[in-house]
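Here is how the chains run, residue by residue.
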Amino acid sequence: MNLMNSSFFAVIKSAFGSEVWAIITPAIVDTVYMTVLTMVFTLVLGLILGIVLLVTAEEGVHPLPLFNKVIGAVVNVLRSLPSMILIILTLPLSRMVIGKAYGPGACIFALVVSCVPMFARLVENSIMEVPKGKIEAAKAMGTPNFQLIIKVLIPEALPSLIRSFTIAVIAIISVTALAGSFGAGGLGDVAVRFGYSRFKTDILIAAVVVLVIIVQLVQFIGDSLSKYIIKKRFLI
Amino acid sequence: MSIGRSQVDVRNEKGFDSSSFITVKDLYKTFHTPVGQVDVLKGINLTVSKGDIFGIIGFSGAGKSTLIRCLNRMEVADSGVVRIGEQQIFNLSKKELNLYRQKIGMIFQQFNLFDSRTVFNNVAYPLEIAGYKKPAIKRRVEEILGLVELSDKINSYPGQLSGGQKQRVGIARALANNPDVLLSDEATSALDPKTTLSVLDILKDINRKLGLTIILITHELDVIKYACNHMAVLENGVIVETGAVRDVFFNPASETAKLFVKINANFAVNQWVREGEAI
């Protein structure tokens, strides 16, 4: 159904009808599956990469300038490539590791490769906000670097880290939708195949509504969590 | 001028070993900045006795902070010797340095408490780092918070405390692991006069009770007069005068010391007295 053969209201009504949702529901499951899996990898790898970038920087607690420059350059290269290109570039990798280059599982590589560098930079920024004096105090008490990261840097930066992760998750959702058009499935795939190629505007609308709701939900959860911690610490 | 046995004042005579506990010899430090070199410390010599409260005074840029930060190697000096107890601190490996720092407490102008931790957990932090078990940490934290009179704030966050309370948590945190020395980096400079007094009272109290050696830097002569036994005057990276506080205060020899005394003796009031306005 589209606006050329039906009225606007008929299209809207159909967008919430059972026929459309029979197509949308499995796509939601795929999208959520891809997003959650990518979230987990991005959180762990991005956090580690961001902290490595920060710690090995020239003014960091364990300076390794050459190493830092190389890693920084790799991150910048990955960040400068459009997600679409990254998806195409990582397809052979998926084929090598999991044996196929289509389906939700296969696109995880592409999603992780394109989202980890971004989240790493966000982590770097968040932790940089921790006042130097606190790091000094921790060092003056004889804190080894690993404990400094676990006991001071991450807890002190936590509200900001949560906000950064929220941004990252929303970016993951949008890249997931993009990956849909390269055989990954999910809401992006449905929107392109039905909404764009076959003029099924009702399905397109349904996909958009679901995506908007998911993003709003993510933003709300991230904001609330961050605010809760700030309030608990009496920082406002 | 050195602070040998002859100058030890009354408070310091009973029981404390007055032979030099902290020795700083020929300490040099130059910062290399994009606009050129800055010689911050130009040959510092200093000895501090065990159990002393030693004040270092100087105007902004004299090198006070750099000097005190050299004592726990937060700043690495270019040359010279820093010895605390039997420990030569420039030879320490990274690991040894961390162990050494666990025995040197430090308090700061901006308190530098961890906002993510309650008062209890802030004070517990150095004990966690030193590897104590939970029950031992709990016992020690409660004891030390009693000492700084903050037992009722044990579950508060730093965000809920006033400046004076924050600094008392800072002191408790610095003392938790039974340090040999307490370094105070302008610890009262952000506090109002009344709070300053109460913080200094706590420092004097712990010095008396625990025999803890305290080195404090400040730009206020009042702080030194109130809390210290001995003092050094730092001017442009050089110690120009050192001795018992009373000696320096009544007989300042250097220009900087004279200026500090002049400012401190309330020169405005003196002028009114001279002009016959007051009394």
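Residues numbered from 1 in each chain as written. Chains lettered and ligands numbered in written order. Predicted model: local features only at pLDDT ≥ 70, side-chain atom pairs only at ≥ 80, totals over all residues.

(A) Region of the structure containing the overall build of chain B. When you go through chain B residue by residue, the secondary structure sums to 11 helices and 10 strands. Looking at the 279 residues of chain B, the share that counts as buried comes to 44%. Considering only residue pairs separated by 6 or more positions, chain B has 69% of its internal contacts joining residues 24 or more positions apart. (Helix = DSSP H or I, 4+ residues; strand = E, 2+ residues; numbered from the N terminus. Buried ≥ 20, exposed ≤ 12 C-beta atoms within 10 Å, placed from the backbone. Contact = placed C-beta atoms within 7 Å.)

(B) The arrangement of the interface of chain A and chain B in detail. On the side of chain B, 19 residues touch chain A, which itself brings 18 residues to the contact. Of the residues belonging to the side of chain A that touches chain B, the class tally is 9 nonpolar, 4 polar and 5 charged. (Nonpolar A, V, L, I, M, F, W, Y, C, P; charged D, E, K, R; others polar.)

(C) Up close: the sheet that holds strand 1 (residues 20-33) of chain B. Residue and element names in this part refer to chain B. One open sheet accounts for 4 strands, arranged 2-1-4-5; its pairing is antiparallel. Each end of this open sheet is capped by a strand with a single partner; those strands are strand 2 (36-49) and strand 5 (87-88). Relative to strand 5, strand 4 (residues 79-84) runs antiparallel, the two sharing 2 bridges. Across the sheet, Ile-84 pairs through a bridge with Gln-87, a residue of strand 5. Together, strand 1, strand 2 and strand 4 form the strand contacts of helix 2 (residues 64-71), whose direction differs from that of strand 2 by roughly 60 degrees. (Pairing = 2+ DSSP bridges. Axes fitted to C-alpha atoms, helices over the stretch in contact; angles between N-to-C directions.)

(D) Summary view of the nonpolar core. Membership of the largest hydrophobic core comes to 136 residues, with the highest contact counts inside it found for Leu-111 and Ala-207 of chain A together with Ala-172 and Ile-215 of chain B. Looking at this core element by element, the count peaks at 16 residues for helix 7 (residues 145-184) of chain A. (Core = buried A, V, L, I, M, F, W, Y, C linked by C-beta atoms within 7 Å.)

(E) Fine view of the environment of Phe-31 of chain B. Here Phe-31 of chain B lies in strand 1. Leave out the neighbours within four places in its chain, and Phe-31 of chain B touches Val-38 and Val-40 of chain B.

(F) Layout of the pairing of strand 2 of chain B. Residue and element names in this part refer to chain B. Pairing of strand 1 with strand 2 involves 11 bridges; the strand directions are antiparallel. Along strand 2, the bridge assignment pairs Thr-33 with Gly-36. Where strand 1 hands over to strand 2, the hairpin turn is made up of 2 residues, counted between the paired strands.

(G) Seen up close, the sheet that holds strand 10 (residues 238-244) of chain B. Residue and element names in this part refer to chain B. With respect to topology, 6 strands assemble into an open sheet ordered 6-7-8-3-9-10, the strand pairing being mixed. The sheet terminates laterally at strand 6 (104-108) and strand 10, the two strands that pair on one side only. The sheet shows a mean angle of 15 degrees between the axes of neighbouring strands, taken without regard to direction. Pairing of strand 7 (residues 181-185) with strand 8 (residues 213-218), which is carried by 5 bridges, proceeds in the parallel orientation. When the sheet's bridge partners are listed, Ser-184 is paired in strand 8 with Leu-216. The sheet contacts of helix 6 (residues 163-175) involve strand 6 and strand 7, and relative to strand 6 the element is tilted by about 165 degrees.

(H) Structural view of the pairing of strand 3 (residues 53-57) of chain B. Residues and elements named next belong to chain B. Counted residue by residue, strand 3 has 5 buried out of 5 residues, so it is predominantly covered. Residue alternation in strand 3 divides its side chains into two sets, Ile-53, Gly-55 and Ile-57 and Phe-54 and Ile-56, and both sets are buried. Sheet topology places strand 3 next to strand 8; 5 bridges connect them, and they run parallel. The residue of strand 8 that forms the bridge with Phe-54 is Ile-215.

(I) Region of interest: the packing of helix 4 (residues 83-98) of chain A against helix 5 (residues 108-128) of chain A. All names here are of chain A. The N-to-C vectors of helix 4 and helix 5 enclose an angle of 130 degrees; their axes lie 8 Å apart at closest approach. For the element pair helix 4 / helix 5, the angle class is oblique. As for the relative orientation of helix 4 and helix 5, their crossing is right-handed in sense. Contacts between helix 4 and helix 5 involve Ser-83, Leu-86, Ile-87, Thr-90, Leu-93 and Ser-94 from the first element and Phe-109, Ala-110, Val-113 and Ser-114 from the second. Its residues assigned to classes, the contact of helix 4 with helix 5 comprises 6 nonpolar, 4 polar and no charged. (Parallel < 35°, antiparallel > 145°, perpendicular 65-115°, else oblique. Left-handed = near helix turned anticlockwise from the far one by under 90°.)

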